[in-house]
Amino acid sequence: MTTQADPQQRQGSRVHRAWWVAAVTMAALVAAAGFRSSTGALLEPLEDEFGWSRGTTSGAVSLNLVVYGLTAPFAAALMERFGLRRVVAASLTLVAIGSGLTLVMTEAWQLWLLWGFAIGVGTGSLALVFGAIVANRWFVNHRGVVIGVFSAASSTGQLVFLPAIAHLADGPGWEWAAGLVAVFALLLVPLVLLVLADSPASVGTTAYGAPTSPPDVDPGGQVETRGAARVAIDTLRESARSKVFWILFGTFWICGWSTNGLIGTHFIAASHDHGLPQTTAASLLALIGIFDIVGTVASGWLTDRVDSRYLLLVYYLLRGLSLLAVPYLLADVVHPSLFVFIVFYGLDWVATVPPTVALCRAHFGPERAGVVFGWVFAAHMVGAGVAASYAGLVRQGTGDYFAAWMTAGVLCLLAAFAVLAIPAQGVSDDEPLTPAR
């Protein structure tokens, strides 16, 4: 590999700066996903400590998920204006403050403010849009692989943090779990400031796999005349004229409902209702994260070879059927049938992402696909937020989660057939962009 334009390479370093940037980005994405998923393991400990209802704690999670999703489309605007390093460091600091202050909270509104707003904004700025920006600026070769790895970061964060958080909450107390999140976030801040760079040109190098001569224009420093926030709003307005946008928006809303909103938030509590220890349930949820990594990579491979509409049909159909079976699988011990569900659901968890991104590109063009997906991703998290509250209220009102499982299953079946209404013909990379129809 020749990287003559990279000063570090000339000094004998064998690792391109892009890989160090990718490693720090992955750490931030893993941490953000771990912080966000930790709420599911802390619902019951907080309810026992403060006497809050499931509706109250679920509402805080809902606010977190909605704020997380709505922050994502505008995160690019913040990064364009203030730079990647500053925004990521500030976001991690906000997460640390939000988690740390829960140690002194006494009222439910403080939980909503800290969990819902502060951590929601902090982790929302570290969503998939952050990983996409880093991959696009720093990689020419292996860009798809890097994006795939970043997409699996949510699963890795779940895998790394959930068991530890559950054991701390079950042992020394939930305060230790919240403290772990705060300390880890703070420890990442100096690493981000030291290693992360806004673009290759800002440190005198080129993207990995790019020509070795320095670029004439800093690709990470270009900002449209309209501004990134205006671009996001204009793209939403234009894309909203297309039925394809609303189908993708609606199906990904259901995707969020059935993953982060229901399973991610309530699986541990629902399992505990059936007598399964919380630590065991948390380990099962982490196991979903392991198989999610495999499923995401496999789905990306299939997306290059199979019509994305048919992939989504299969993913949502099988997910819906599996959710309808969950109430009959949960027990006080892990039966083989529940383990089969865990493996299957893990493979299907974010398998919907690659074909959804591919459909955004095919129907809205390569230049607008990223922003369009940002809004579709926002729908995912809003759906998750609604589901978190809905399932909590169902549990509070009926004493179990049966209706929540049935609702999610039926919604996934509807999503499975909705994707068939997407036209087969999209926009080729060579066609000029026109307003969305």
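So, here's what we can say about the structure. (Residues numbered from 1 in each chain as written. Predicted model: local features only at pLDDT ≥ 70, side-chain atom pairs only at ≥ 80, totals over all residues. Heavy atoms only, no water.)

### Topic: the overall build of the protein
Assigned secondary structure in the protein consists of 18 helices and zero strands. Taken across its 437 residues, the protein has 54% of its residues classed as buried. Counting contacts in the protein only where the partners sit at least 6 residues apart, residues at least 24 apart contribute 83% of the total. Roughly 17,800 Å² of accessible area belongs to the protein as shown, and the carbon and sulfur atoms make up 65% of that amount. (Helix = DSSP H or I, 4+ residues; strand = E, 2+ residues; numbered from the N terminus. Buried < 20%, exposed > 50% of the residue type's maximum accessible area, 1.4 Å probe, protein only. Contact = heavy atoms within 4.5 Å. Areas by Shrake-Rupley, 256 points an atom, 1.4 Å probe, with all protein chains shown as cover.)

### Remarks on the packing of aromatic side chains
One pass over the full model with this rule turns up 16 aromatic pairs. Here the aromatic rings of W257 and Y390 are separated by 5.4 Å at their centres, their planes lie at 45°, and the arrangement is tilted. Of the two residues, W257 sits in helix α12 (residues 243–273) while Y390 sits in helix α17 (residues 369–398), which places them 133 residues apart along the sequence. Of the residues examined, Y390 reaches a relative accessible area of 29% and is grouped as partly exposed. An aromatic cluster of three or more residues is present, and its members are Y68, F252, F373 and F377. In this structure, R309 is placed above the aromatic ring of Y310, and the distance from its NZ or CZ to the ring centre is 5.1 Å. (Phe/Tyr/Trp six-rings, centres within 6.5 Å; stacked < 30°, edge-to-face > 60°. Lys NZ or Arg CZ within 6 Å of the ring centre and 35° of its normal.)

### Regarding helix α16 (residues 353–364)
If you check α16, its first and last C-alpha atoms are 16 Å apart, about what twelve residues at 1.5 Å a residue would give, namely 16 Å. Within the sequence span of α16, burial applies to V353, P354, P355, T356, L359, C360, H363 and F364. Phi turns positive one or two residues past the end of α16, at G365, with a value near 85°. (Expected span 1.5 Å × (residues − 1).)

### Focus on the nonpolar core
Judged by nonpolar contacts, the single largest core of 124 residues is most densely connected at W115, F130, I263, L323 and W405. Broken down by element, the residue count for this core peaks at 14 residues, all from α12. Residues in contact with I263, not counting those within four places in the same chain, are S258, L285, I288, L323, F341, Y345, W349 and W405. (Core = buried A, V, L, I, M, F, W, Y, C linked by side-chain atoms within 4.5 Å.)

### A look at the environment of R86
Within the secondary structure layout, R86 lies in helix α5 (residues 84–101). Counting along the chain gives 110 residues from R86 to L196, while the straight-line C-alpha distance between them is 9.6 Å.

### As for the packing of α12 against helix α13 (residues 278–303)
Packing of α12 against α13 leaves a shortest axis separation of 8 Å and a crossing angle of 145°. Where α12 crosses over α13, the handedness of that crossing is right-handed. Listed contacts from α13 to I263, G264, F267, I268, S271 and H272 of α12 are Q278, A281, A282, L284, L285 and I288. The residue inventory of the contact of α12 with α13, partitioned by class, reads eight nonpolar, four polar and no charged. (Axes fitted to C-alpha atoms, helices over the stretch in contact; angles between N-to-C directions. Left-handed = near helix turned anticlockwise from the far one by under 90°. Nonpolar A, V, L, I, M, F, W, Y, C, P; charged D, E, K, R; others polar.)

### Let's talk about a nonpolar patch on the surface
Together, I97, L101, L103 and V104 give the surface a local cluster of nonpolar side chains, amounting to about 360 Å² of exposed area. Locating L101 in the fold gives a position in helix α5. (Patch = residues over 30% accessible without salt bridge, like charges linked within 9 Å, V, L, I, M, F, W, Y side chains within 5 Å. Salt bridge = Lys/Arg side-chain N within 4 Å of Asp/Glu carboxyl O.)

### What about the state of the cysteines?
Counting across every chain of the model gives zero disulfides. C412 takes part in no disulfide bond, and the closest cysteine sulfur to it belongs to C255, at a distance of 7.7 Å. (Disulfide = S-S within 2.5 Å.)

### Observations regarding the side chain of R309
On the secondary structure map, R309 appears in helix α14 (residues 308–325). A residue is classified by how much of its surface remains accessible, and R309, at 10% relative accessible area, is buried. A distance of 2.8 Å separates the side chain of R309 from the side chain of D307, its partner in a polar contact. Beyond its immediate stretch of four places on either side in the chain, R309 contacts L359, V419, L420, I422, P423 and A424. (Polar contact = N/O pair within 3.5 Å; in protein donor to acceptor, adjacent residues only side chain to side chain.)

### A look at the pattern of salt bridges
Counted under the stated rule, the structure contains five salt bridges. Note that R237 is salt-bridged to D234, the shortest N-O span being 2.8 Å. With R237 and D234 both in helix α11 (residues 228–239) and three residues apart, the pair spans about one turn of that helix. Classification of R237 as partly exposed rests on a relative accessible area of 46%. Of the charged contacts in the structure, one is a salt bridge between D307 and R309, with a shortest N-O distance of 2.8 Å.

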